[in-house]
Amino acid sequence: MGAADVIAVDTGPLVAALRGARSVFALSGSGISAESGLPTFRGVGGLWRTHRVEELASPEGFARDPRLVWTWYNERASAHRRAEPNAGHYALARLEEAIGDFTLATQNVDSLHRRAGSRNVLELHGDLREARCTQCGARRALDATGLPLTEIEHACGGRLRPNIVWFGEPLPAAVWREAEAAAARADAILVVGTSAVVYPAAALATRYNDRAFVAEINPEETAISVRVDCALRARAAELLPRILDKLQR
Ligand code: APR
């Protein structure tokens, strides 16, 4: 997609909605980190195209082969640290500065929103900054290469697992409640870089608020494209900075 395509994308209605918004909610997915070189899950080259979800991102898979699971998460943790936030991440941090009541809920565990300066980030699916014990709940910071495979067994008899929400597991209750409330009170909702197929996170985009102006930024059609007020077919790192520039003109 070249710059010409982006110019054809009409950001007017979204900028107007943001300008008039007292409260804004944003939901991001792996697509916003694609331009930082991190793979998405379902697109071309996506992680679920080349890995088996149930083996790697489930409590059963971890119980069956914790070393395989940590090998995979250690590779992802290393990739996250090598990656840099991109213009899309920085633009959302600028949006937080511009809007009094702004909440960003991310499905990503790469910490790139925090590294770009976003402060109020709800990590719906956890993070890859630390491990936690399955038995006593003890936390252990991950270093640049993750967790040494020789240190999975915890002294209490439990096992150190990634602090990630796996398929079939509940999202952190307090985080979810805050995200629901933010989505419900928003005047404008921005959905960036998610296929919107994984629940409950995807529900935040359109199920908690029937008055907000909802826009999605995604080069592809998604599961919620028919329900949003404006679907901007563009890449986040290209379009989000333009939206902030227009908003702050
Ligand atoms: N800018 C914006 N969107 C992009 C870009 C980009 N540069 N590149 C790709 N996308 C879009 C794709 O078109 C796709 O719709 O990002 C989306 C990525 O979708 P998925 O791969 O399904 O990732 P995501 O929606 O984040 O998955 C949600 O599923 O596997 C679980 O827990 C995992 O948090 C993840 C959840």
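Residues numbered from 1 in each chain as written. Predicted model: local features only at pLDDT ≥ 70, side-chain atom pairs only at ≥ 80, totals over all residues. Heavy atoms only, no water.

Would you mind going over the sheet that holds strand S3 (residues 121–123) with me for this structure?
Each strand in a sheet pairs with another by means of backbone hydrogen bonds, the pair being arranged parallel or else antiparallel. Taken in spatial order, the 6 strands make up an open sheet running S3-S2-S1-S7-S8-S9, and their pairing is parallel. The sheet is open, and its two edges are formed by S3 and strand S9 (230–232), each paired on a single side. Mean inter-strand twist for the sheet, computed between neighbouring axes without regard to direction, equals 15°. In the packing of helix H2 (residues 12–19) onto the sheet, the strands contacted are strand S1 (23–28), strand S7 (188–192), strand S8 (213–217) and S9, and the crossing angle to S8 comes to about 130°. Packed on one face of the sheet, helix H11 (residues 236–247) meets S7, S8 and S9 and runs near 140° to S8. (Pairing = 2+ DSSP bridges. Helix = DSSP H or I, 4+ residues; strand = E, 2+ residues; numbered from the N terminus. Axes fitted to C-alpha atoms, helices over the stretch in contact; angles between N-to-C directions. Contact = heavy atoms within 4.5 Å.)

Is there a simple way to think about the site of the ligand in this case?
Neighbouring the ligand are 22 residues, the closest being Glu35, Arg42, Trp48, Thr194 and Ser195. The separation between a nitrogen atom of the ligand and a polar side-chain atom of Glu35 is 2.7 Å. Within the side chain of Trp48, an N or O atom sits 2.6 Å from an oxygen atom of the ligand. Against a free-state accessible area of 740 Å², the protein chains account for coverage of 91% of the ligand. More than half of the atoms belonging to the ligand lie within 2 Å of the grid points that define the largest pocket. When grouped by side-chain class, the residues that make up the shell around the ligand number 8 nonpolar, 10 polar and 4 charged. A domain split of the shell around the ligand shows at least three residues from each of domain 1 (1–38 + 85–125 + 171–249) and domain 2 (39–82 + 133–164). (Near = heavy atom within 4 Å. Polar contact = N/O pair within 3.5 Å; in protein donor to acceptor, adjacent residues only side chain to side chain. Areas by Shrake-Rupley, 256 points an atom, 1.4 Å probe, with all protein chains shown as cover. 1 Å grid on protein atoms, 1.4 Å probe; cavity = no way out; pocket = protein on both sides within 12 Å on 5 of 7 lines; lining within 4 Å. Sits in = over half its atoms within 2 Å of the grid points. Nonpolar A, V, L, I, M, F, W, Y, C, P; charged D, E, K, R; others polar. Domains from an automatic or database assignment.)

For this particular structure, what's the right way to read the domain arrangement of the protein chain?
Frequently, the measure chosen for interface size is the accessible area removed from exposure when the parts meet. Examined at the domain level, the protein chain breaks down into domain 1 (1–38 + 85–125 + 171–249) and domain 2 (39–82 + 133–164). At the junction of the two partners, domain 1 supplies 13 residues and domain 2 supplies 10 residues. Here domain 1 packs against domain 2, burying approximately 850 Å² in sum over the two surfaces, 63% of which is carbon and sulfur. When the buried area of domain 1 at its contact with domain 2 is split by residue, Ser30, Leu38 and Val109 rank highest and sum to 54% of it. Applying the counting rule to domain 1 against domain 2 returns 0 salt bridges. Viewed at the interface, domain 2 and domain 1 are joined by 1 residue pair in polar contact (both at pLDDT 80 or more). (Buried area = accessible area lost by both parts, 1.4 Å probe. Salt bridge = Lys/Arg side-chain N within 4 Å of Asp/Glu carboxyl O.)

Explain empty space enclosed by the protein here, please?
Leftover empty space is mapped by rolling, across the atoms, a probe with the size of a water molecule. The final tally for this structure, using the stated rule, is 1 cavity of 30 Å³ or more. Looking at the largest cavity, its volume works out to about 30 Å³. What lines the largest cavity is Thr106, Asn108, Asp110, Ser111, Leu112, His113, Val121 and Glu123. When contributions to the lining of the largest cavity are tallied by element, the ones reaching two or more residues are helix H8 (112–115) and S3. Partitioned by chemical class, the residues of the lining of the largest cavity number 2 nonpolar, 4 polar and 2 charged. (Points joined across faces, edges and corners; volume = space filled by probe spheres on them.)

What is the right way to look at the sheet that holds strand S4 (residues 126–133) in this model?
An order of S5-S4-S6 is seen for the 3 strands of this open sheet, with the pairing classed as antiparallel. Pairing within the sheet leaves two strands with one partner each, and these edge strands are strand S5 (139–141) and strand S6 (160–164). For this sheet the average axis-to-axis angle between neighbouring strands, irrespective of direction, equals 40°.

Just to check I follow, could you spell out the pattern of salt bridges for this structure?
Between side chains of opposite charge, a pair can form when the charged atoms approach closely. Within the structure shown, the criterion is met by 17 salt bridges. One salt bridge in this structure joins Glu97 and Arg119, with 2.5 Å as the shortest N-O distance. Taken together, the residues Glu97 in helix H7 (residues 87–98) and Arg119 in the loop between H8 and S3 connect sequence positions 22 residues apart. As far as the burial class goes, Glu97 and Arg119 line up, both exposed. Between Arg242 and Glu238 there is a salt bridge, with its nearest N and O atoms 3.2 Å apart. With Arg242 and Glu238 both in helix H11 and 4 residues apart, the pair spans about one turn of that helix. By sharing partners, the salt bridges in this structure join Glu35, Arg235, Glu238 and Arg242 into a single network. (Buried < 20%, exposed > 50% of the residue type's maximum accessible area, 1.4 Å probe, protein only.)

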